[in-house]
Amino acid sequence: MASPDPDVLLIGGGIMSAHLGAMLKRLDPRLTIEVHEAAAELAGESSDGWNNAGTGHAGLCELNYTPPPAVAGTPVDVTKAVEIFARFEQSRQFWSYAVAHGLAPRPADFIRAVPHLSFVRGEASVAFLRARHAALAAHPFFRTMAFTADREVLRGWTPLLIEGRAAEPVAATRVAAGTDVNFGELSRQLLAWLAVQEGCRVFTGHRVTRLRRAADGWELVVRHAGSGESRPVRARFVFVGAGGGTIPLLQAAGLPVARGLAAFPIAGQWLVCDNPAVVARHFGKVYGPPPPDSGALGGPHLDVRHLHGRRVLLFGPFATWTTKFLHRTGRATDLPASIRPDNVGTLLRTGLHNRVLARFLVQQALQSMESRLRALREFYPEAVAADWRLVDAGIRVQALKQADAGRLSFGTEVVTAPDGTLAALLGASPGASVSANIALQIIQTCFPDRLRTTGGHERMKAMLPTFDFALSQPSADHARHSALIDDRLGLLSSGGA
Ligand SMILES: Cc1cc2nc3c(=O)[nH]c(=O)nc-3n(C[C@H](O)[C@H](O)[C@H](O)COP(=O)(O)OP(=O)(O)OC[C@H]3O[C@@H](n4cnc5c(N)ncnc54)[C@H](O)[C@@H]3O)c2cc1C
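Undergrad: Please clarify how the overall build of the protein should be interpreted in this entry.
TA: From N to C terminus, the protein includes 15 helices and 19 strands. For the protein, whose C-alpha radius of gyration is 22 Å, the value lies close to the compact-globule estimate of 23 Å for 497 residues. If one aligns the C-alpha atoms of the protein with their principal axes, the spans along those axes are about 75 × 50 × 45 Å. A burial count over the protein gives 48% of its 497 residues as buried. In the protein, once contacts between residues fewer than 6 apart in sequence are set aside, the share between residues at least 24 apart is 74%.

This is the structure we're talking about:
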């Protein structure tokens, strides 16, 4: 007998579906939920530990969230950094709830305390970092941020930055309470929990090949990778959490938002070092300024990572060309197949408006190993080529919207069907770090009735205590709550690097 259609169907087994599925099930235990993942394993695409930087983006170190002021001497605008901090704090709230309630029982496998640093060189950049520090440290979220322009202090923070460095002005900020997150492991823990809940199932090797409206929700066609057989599934609510596979599915669904929507993939690469003698001497995630031509793609960074029980260093990301939308199950024909009469104009307009970025991407893709090492030596002057190898990171599929008239927006954006029966996620940054807030946004838009009941409100409050607060407003007992979360996530004992 065929199994009954689920209330909720989540396409893709990455960090976004994992959060939405787990949060919805805790909010309303009667919901039946299915996850359909195309690949043989869960969270093997952008959410996998090797395919992203694992930075718990909280605005502590990323210089692209606090651009230098247009008028010299005016205060640095920290609005974006404050917003990212508050959204990341909601992820930490949900993860600590997930640990306490057995949804993600092994925090040491997915989160570690790793200090977050911003690092700059040259007089003008040092002056900017000082001003940025003054603006941020005035906010309660960032009050523990330290600043130094003293090379000896910096050597104590993380020696690789200073050893062998020429005499030039340098400065850094440091927040000890940064994190390194294995989003792939976290996704797999949450989905393993979801898979054994009543009325819930998680499938791998099941690709959604068609998505169209039905009388009461959506009808999908799902193809089983092993047998090649396809079967229809209906659901009242669908979340397209397919990462690079999202835009083709939205195009097929015929939503107004998909009209003129185009996609452009940018693949990432890292330099990786596992020489224990080097790895043992770097203590943090160190972010530099974004290169002037790189749009808002973000700056290079030298990171401590904790992946599958190993401590490694990662430097990058470097951008490179691809026409695939997915790292593992994508095809070279993904980009050409996504071009249609209604989105050619969007692609061309974006290309014309972003010639500087296009040139930057071409330069990145043509880089030699030697030029990548030169970029690394701006952070770590004594880096030795033999210690580093180049590996592929994930693919970021940039959504290009007709309405943006050629402008690029690099943030993450939830789009929904007007009747709230479908939601999808576009964009990559700050991405996985704000997955709890993204799940919340979807619930607020598509399941508002579930939050209005007394029980529903209480259950959401238990998962995300700040879900009904203004994001930029720290709660009165923010510091105490934050310490409790650190404790539950094991961050107080994970060593600070
Ligand atoms: C180089 C790089 C560095 C990054 N660094 C960070 C960072 O430091 N911190 C951070 O927070 N974020 C970072 N990100 C962003 C982050 O990785 C993503 O925002 C996040 O992983 C997206 O999760 P997801 O669940 O939407 O997508 P994914 O993890 O890609 O999951 C989507 C899943 O859907 C499946 N799928 C696709 N099509 C179909 C289909 N038709 N049917 C069924 N299944 C399908 C795929 O196989 C995949 O498993 C980075 C991204 C890149 C590219």
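Having seen the model, we can carry on.
Undergrad: In this structure, what is going on with the site of the ligand? I would like to understand it.
TA: Lining the immediate surroundings of the ligand are 42 residues, of which Gly-12, Gly-14, Gly-243, Gly-245 and Gly-431 lie closest. When contributions to the shell around the ligand are tallied by element, the ones reaching two or more residues are α1 (15-27), β9 (206-214) and β17 (388-400). Its residues assigned to classes, the shell around the ligand comprises 18 nonpolar, 20 polar and 4 charged.

Undergrad: Sorry, what's going on with the pairing of strand β12 (residues 237-240) here?
TA: Residues in a regular strand project their side chains so that they alternate between the two faces of the sheet. Where burial is concerned, the two faces of β12 agree: the one with Phe-237 and Phe-239 and the one with Val-238 and Val-240 are both buried. Judged from the 4 bridges that link them, strand β1 (residues 8-11) and β12 form a sheet pairing that is parallel. Looking at β12, one finds that Leu-9 is bridged to Val-238. Two elements, β12 and strand β19 (residues 422-426), share 3 bridges in a ladder whose sense is parallel. Bridge assignment links Val-238 to a residue of β19, and that residue is Leu-422.

Undergrad: Just checking my understanding: could you explain the sheet that holds strand β2 (residues 33-36) for this structure?
TA: One key point about sheets: their strands pair by backbone hydrogen bonds, in either a parallel or an antiparallel sense. Pairing within the open sheet is mixed, and its 6 strands lie in the order β8-β2-β1-β12-β19-β18. Both edges of this open sheet fall to β8 (200-203) and β18 (413-416), since each of them pairs with a single strand only. Averaged over all adjacent pairs, the angle separating strand axes in this sheet is 15°, with direction ignored. Sheet topology places β1 next to β2; 4 bridges connect them, and they run parallel. Note that in β2 the partner of Leu-9 across the bridge is Glu-34. In the packing of helix α5 (residues 183-195) onto the sheet, the strands contacted are β2 and β8, and the crossing angle to β8 comes to about 130°. Sheet strands touched by helix α12 (residues 435-446): β12, β18 and β19. Its angle to β18, the strand with the most contacts, is close to 25°.

Undergrad: Could you clarify how one ought to interpret the sheet that holds strand β16 (residues 310-320) in this entry?
TA: What the 8 strands build is an open sheet, ordered β5-β6-β4-β14-β15-β16-β13-β17; its pairing is mixed. A single partner strand is all that each edge strand has here, and the edge strands are β5 (146-148) and β17. In this sheet, neighbouring strand axes are inclined to one another by 30° on average, regardless of whether the strands run parallel or antiparallel. As judged from the 3 bridges shared by β5 and strand β6 (residues 170-175), these two strands associate in the antiparallel manner. Looking at β6, one finds that Ala-146 is bridged to Arg-174.

Undergrad: Quick question: what am I supposed to make of unusual backbone geometry here?
TA: The general pattern is negative phi for most residues beyond glycine and trans for most peptide bonds. The residue after Gly-316, namely Pro-317, is reached through a cis peptide bond having omega -5°. Look at Ala-43: it is not a glycine, yet its phi comes out positive at around 55°. Taking the number of C-beta atoms within 10 Å as the measure of exposure, Ala-43 has 29 and is therefore buried.

Rules used in this analysis
- Residues numbered from 1 in each chain as written.
- Predicted model: local features only at pLDDT ≥ 70, side-chain atom pairs only at ≥ 80, totals over all residues.
- Helix = DSSP H or I, 4+ residues; strand = E, 2+ residues; numbered from the N terminus.
- Rg over C-alpha atoms; globule rule 2.2 N^0.38 Å.
- Buried ≥ 20, exposed ≤ 12 C-beta atoms within 10 Å, placed from the backbone.
- Contact = placed C-beta atoms within 7 Å.
- Near = placed C-beta within 6 Å.
- Nonpolar A, V, L, I, M, F, W, Y, C, P; charged D, E, K, R; others polar.
- Pairing = 2+ DSSP bridges.
- Axes fitted to C-alpha atoms, helices over the stretch in contact; angles between N-to-C directions.

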